[in-house]
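This is what each chain is made of:
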Amino acid sequence: MKALRLYAPGDLRLEEVPIPLPKPDEVLVRVLACGICGSDIPRVFEHGTYKYPLVPGHEFSGIVEKVGSETGKDWVGRHVVVYPLIPCRQCSSCYSGLYTQCLNYDYLGSRRDGGFAEYVTVPGSNIIPVPDGISGEISAITEPCAVALHAVRKAQVCVGDTVLITGAGTIGILIALWARASGAEVFMTDIVVEKLKFARSLGFQHLLDAKQTTVSEWIKQKCKHGVDIVFETTGHPAGLETSIESCGISGKIVLVGNPSFEEMKVPAKQYGMILRKEIQITGIWNSLVNEYPKNEWQVVLQEFKKENSLYSKIITHKVPIEGLKELFIAIYNKKVFPVKAMFINKEI
Ligand SMILES: [Zn+2]
Ligand SMILES: [Zn+2]
């Protein structure tokens, strides 16, 4: 099979490798589609992965081709999505059901082989069936949609809330869709005009080029006392400052973006605003596949059934595996600005 493997930061190679064999607790998945996550760009070009060579890619869907043991044979032929975090099921977090907080987890696409290949083996306990009527491309965006949903649920967004999203990248856009679906009024900023144009094409009206105007002043004009909730998706110190300045009294800030700088310092002035306005700041990590309190992946899959055409607009770039390395390089060099770029397995 063909696989895109990373040998060192910046050293991606398209290779012919044997199709992996599933262990007794695993299944072999024939990949339908695998999205490039925002986190894959620094992973592939800067930080690297936990071992080499490794196939990146953690946002994928596929068809179960083979199972490692007889007991799972009913899965063969089924369309599935794969939860990328593999909990140890032995640590204190796992015993509490907090799998995303596992102290000794494995991860598809960063610690073991992921979805930028024609086939991948995954634990049987990580596959989730996809309802009929959803394409492999749409199901491959379940993971980022679930992360965005997790953020919106964590913030307890309500009808009538005002919400600011700093950064109109993939996760920012997906958070905007969930916040709008929850009845909130959405404000979004970015410094890339193309991203704001895309947000407008989805029907969002309150958009600001943060290079041109100070975000907090714009927010003050729109909502006198600041917004109820801010989602910080840029991971940039300026985004954090903007969030604090734009957040209203007793408001909430949800930190979503991975830090893109060595330090995420808060100046004393903005620090004082956190105190004075009694702002609640919280972080989010991954998404939930537990049935309790809510299986967010199931919620996403049901939403795809209702909003299929809306979510298909999110997928802006599609390539076969032969074009994947070039697409990675173009995104890294800021030659293209995909909302969601994807490898589509052309064998299908
Ligand atoms: Zn991701
Ligand atoms: Zn664990």
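Residues numbered from 1 in each chain as written. Chains lettered and ligands numbered in written order. Predicted model: local features only at pLDDT ≥ 70, side-chain atom pairs only at ≥ 80, totals over all residues. Heavy atoms only, no water.

### Quick look at the coordination of the zinc ion (ligand 1)
The protein atoms that coordinate the zinc ion (ligand 1) are Cys37 (SG) and His58 (NE2), at distances of 2.1 to 2.3 Å. Here the residue Cys37 occupies a position in the loop between β3 (26-36) and α1 (40-47), and His58 occupies one in the loop between α1 and β4 (59-67), the gap between them amounting to 21 residues. His58 carries the same exposure label as Cys37, and that label is buried. (Donors = N, O, S within 2.8 Å, 3.2 Å for Na, K, Ca; no water. Helix = DSSP H or I, 4+ residues; strand = E, 2+ residues; numbered from the N terminus. Buried < 20%, exposed > 50% of the residue type's maximum accessible area, 1.4 Å probe, protein only.)

### Section: the packing of helix α4 (residues 142-155) against helix α5 (residues 170-181)
Between α4 and α5, whose axes approach to 8 Å, the crossing angle comes to 55 degrees. The angle between α4 and α5 places the two elements in the oblique class. In the packing of α4 onto α5, the handedness of the crossing is right-handed. Where α4 approaches α5, its residues Pro144, Cys145, Val147, Ala148, Leu149, Ala151 and Val152 are matched on the opposing element by Ile171, Leu174, Ile175, Trp178 and Ala179. (Axes fitted to C-alpha atoms, helices over the stretch in contact; angles between N-to-C directions. Parallel < 35°, antiparallel > 145°, perpendicular 65-115°, else oblique. Left-handed = near helix turned anticlockwise from the far one by under 90°. Contact = heavy atoms within 4.5 Å.)

### As for the sheet that holds strand β10 (residues 162-166)
Reading across from one edge, β12-β11-β10-β13-β14-β15 is the order of the 6 strands in this open sheet, with parallel pairing throughout. Strands with a single pairing partner mark the edges of an open sheet, and in this sheet they are β12 (206-209) and β15 (280-283). Strand after strand, the sheet turns through a mean of 15 degrees between neighbouring axes, direction not considered. Here β10 pairs with strand β13 (residues 227-232) via 4 bridges, running parallel. Its bridge partner lying in β13, Thr166 is registered against Glu232. Its contacts with the sheet place helix α7 (residues 215-222) against β10, β11 (185-190), β12 and β13, and it is angled at close to 160 degrees to β11. Sitting on the sheet, helix α8 (residues 237-246) is in contact with β10, β13 and β14 (247-255), with an inclination near 150 degrees to β14. (Pairing = 2+ DSSP bridges.)

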